[in-house]
Amino acid sequence: MAQTISGTISDAASQKPLSGVNIGIQGKNEGTITDAEGKFVLNSSTKPPFTLVVSLLGYASQELSINAVTTLNITLNAKAEELDQVVVSASRVEERILRSPVSIEKMDAKAIQQSPSANFYDALLNMKSVDLVTSSLTYKQINTRGFNTTGNSRFLQLVDGVDNQSAGLGFAMGNLFGPHDLDVHSVELIPGAASALYGPIAFNGMLQTRTKNPFDFQGLSVQSKVGVNHLNDGTDFGAKPFYDLAVRYAKAFNDRFAFKLNAAYLTGTDWYANDYTDIDPNTPAASRGPNNPGRNALNIYGDEVAQTIQGIGRVSRTGYEEKDLAQYGVYSLKLNGALHYRLSNGMELTYQANYNQGIAQYTGSSRFVINGFNLVQHRVELKAKFLCTRLFQQRKFSRFL
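Values in this document were obtained by computation on a predicted structure and should not be read as measured data.

A. Region of interest: the overall build of the chain. From N to C terminus, the chain includes three helices and 25 strands. When the 401 residues of the chain are sorted by exposure, 41% land in the buried category. Considering only contacts in the chain between residues 6 or more positions apart, those separated by 24 or more positions represent 55%. For the chain, the accessible surface area stands at approximately 22,600 Å², while carbon and sulfur atoms represent 53% of it. In the chain, which carries 37 positive and 35 negative side-chain charges, the distance between the mean positions of the two groups comes to 5 Å.

B. Molecular detail of the nonpolar core. Of all hydrophobic cores here, the largest spans 17 residues; its most connected members are I9, L18, V21, L52, L72 and L76. Taken together, the elements giving at least two residues each to this core come down to strand 1 (3–11), strand 2 (22–25), strand 4 (39–44), strand 5 (50–55) and strand 7 (71–76). Residue contacts for L76: discarding those within four places in its chain leaves I9, S10, D11, A12, L18, V21, V54, L56, Y59, A60 and Q62. Counting 15 residues, the second-largest nonpolar core is a separate cluster that includes F120, A123, L124 and V187.

C. Highlighting the pairing of strand 7. Residues L72, I74 and L76 point to one face of strand 7 and are all buried, whereas T71, N73 and T75, pointing to the other face, are not buried. With six bridges joining them, strand 1 and strand 7 adopt parallel strand pairing. Looking at strand 7, one finds that I9 is bridged to I74.

D. Structural detail: the sheet that holds strand 8 (residues 105–108). A sheet is described by the order of its strands in space; here five strands give the open sequence 8-13-14-11-12, paired in mixed fashion. Pairing within the sheet leaves two strands with one partner each, and these edge strands are strand 8 and strand 12 (162–163).

E. Focus on the sheet that holds strand 2. Ordered in space as 3-2-5-6, the four strands form an open sheet in which the pairing is antiparallel. Looking along the sheet, the strands with just one partner apiece sit at the ends: strand 3 (31–33) and strand 6 (62–66). If you compare each strand with its neighbour and ignore which way they point, the axes differ by 20° on average.

F. Region of the structure containing the pattern of salt bridges. Tallied over the full model, the rule gives twelve salt bridges. Note that D122 is salt-bridged to K140, the shortest N-O span being 2.8 Å. On the criterion of sequence distance, the pair formed by D122 in helix 2 (residues 120–123) and K140 in strand 10 (residues 139–143) is long-range, its members being 18 residues apart. A relative accessible area of 16% means that K140 is categorised as buried. Here the residues in one salt-bridge network are D160, R379 and E381, joined through shared partners.

G. Representation of the environment of G313. Among the secondary structure elements, G313 is positioned in strand 20 (residues 313–316). Each C-alpha atom, one on G313 and one on N232, is 40 Å from the other, the two residues being 81 residues apart in sequence. In this structure, G313 is in contact with Q307 and T308, ignoring residues within four places of it in sequence.

H. Inspection of the packing of aromatic side chains at higher detail. Under the criterion given, the structure shown has nine aromatic pairs. Geometrically, the ring pair formed by Y272 and Y328 is edge-to-face, given 5.2 Å between the ring centres and 80° between the ring planes. In this pair, Y272 is assigned in the loop between strand 17 (257–269) and strand 18 (300–301) and Y328 in the loop between strand 21 (320–321) and strand 22 (329–344), connecting sequence segments 56 residues apart. Taken individually, Y272 and Y328 each receive the classification buried, so the pair is uniform in this respect. Relative to F368, the ring of Y362 has its centre 5.1 Å away and its plane inclined at 15°; by these criteria the two rings are stacked. F368 sits in the partly exposed class, given a relative accessible area of 23%. Grouped by ring-pair contacts, the aromatic residues Y249, F253, F257 and F259 constitute a single cluster. Sitting over the face of the ring of F215, R342 holds its NZ or CZ atom 3.8 Å from the ring centroid.

Cut-offs used in this document
- Residues numbered from 1 in each chain as written.
- Predicted model: local features only at pLDDT ≥ 70, side-chain atom pairs only at ≥ 80, totals over all residues.
- Heavy atoms only, no water.
- Helix = DSSP H or I, 4+ residues; strand = E, 2+ residues; numbered from the N terminus.
- Buried < 20%, exposed > 50% of the residue type's maximum accessible area, 1.4 Å probe, protein only.
- Contact = heavy atoms within 4.5 Å.
- Areas by Shrake-Rupley, 256 points an atom, 1.4 Å probe, with all protein chains shown as cover.
- Lys, Arg positive; Asp, Glu negative; His and termini not counted.
- Charge placed at Lys NZ, Arg CZ, Asp CG, Glu CD.
- Core = buried A, V, L, I, M, F, W, Y, C linked by side-chain atoms within 4.5 Å.
- Pairing = 2+ DSSP bridges.
- Axes fitted to C-alpha atoms, helices over the stretch in contact; angles between N-to-C directions.
- Salt bridge = Lys/Arg side-chain N within 4 Å of Asp/Glu carboxyl O.
- Phe/Tyr/Trp six-rings, centres within 6.5 Å; stacked < 30°, edge-to-face > 60°.
- Lys NZ or Arg CZ within 6 Å of the ring centre and 35° of its normal.

Below you can see the structure in the form of structure tokens.
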């Protein structure tokens, strides 16, 4: 039977209610916080007696012995916090790695929720020294330090410490195979060179994404986003819908074992490449156009191959329009599961499995369609206060056009 403890917490001096106060059961992974009026309700499976811990930054913490289900009126006394002493000293030995001139931009879960962007990855564009190249509805690439490319192979992207670069491509496909907003705890970005800290692959910078721990973030979360694109784009295709659906469930059975499950699906219609401007450099500008025998249209492929025929002139192949080759109905499927086991206080063992599948377009040396790309990742990690050992395996299956 669930035990319900409720009450109000206020300032001892002013008697005003305090919001954001942490209330938890000592030694258990159960707790809550007060609302704007200083009220709280704690539903617990732990039967009395137990110790209730009440804490808030700037106030003295309290430990209350609870022997029965009751309603509490708690007052907290303000407390001055002293920082640890900081000693600044010089060293005769150059510490080059520690003195690497890097700046870190960070975005937490609250900033992600408040961002007006479609997702947390798009919100990175609002950070300093960052440029985002959009190649497809499902594929966007981070660029820093002025190196503008659709496949930034010298920019390191880590998800929970695991390299998110896809084998076979040689670069990370943006967030096509990354976590969804619902499971993102924080994002840290180094826009400058980070090779001294993370190796040569971080020459253009590094992005570290951390997901939510099921011990700390429990329950069911559901998110739905709906939009429309291709409005008044000058084509006959009409407006197209956009959907982004996600669900997350996490539960801790006790202080030792917890798990989480994530599923996300995004689908929409990519941008049409329908610019058929004749750009043939061997035809005078006045003679270019759809009636040009040597036509080389911008979004027609194969017509760049031309030959001069005696008595006729320069003639190119008909070629193929991009809409006949590309897959404009794109999607991204993300499935994720993790098991967390705490061997002792401060030591946690984690097994995580990720399955990602999607379709995207991007421009490199040619125009590419990644059709039905599959990426599978496994991660086993043992983490303690002064130790972190991580093993991961990655497999990919793909079709290219």
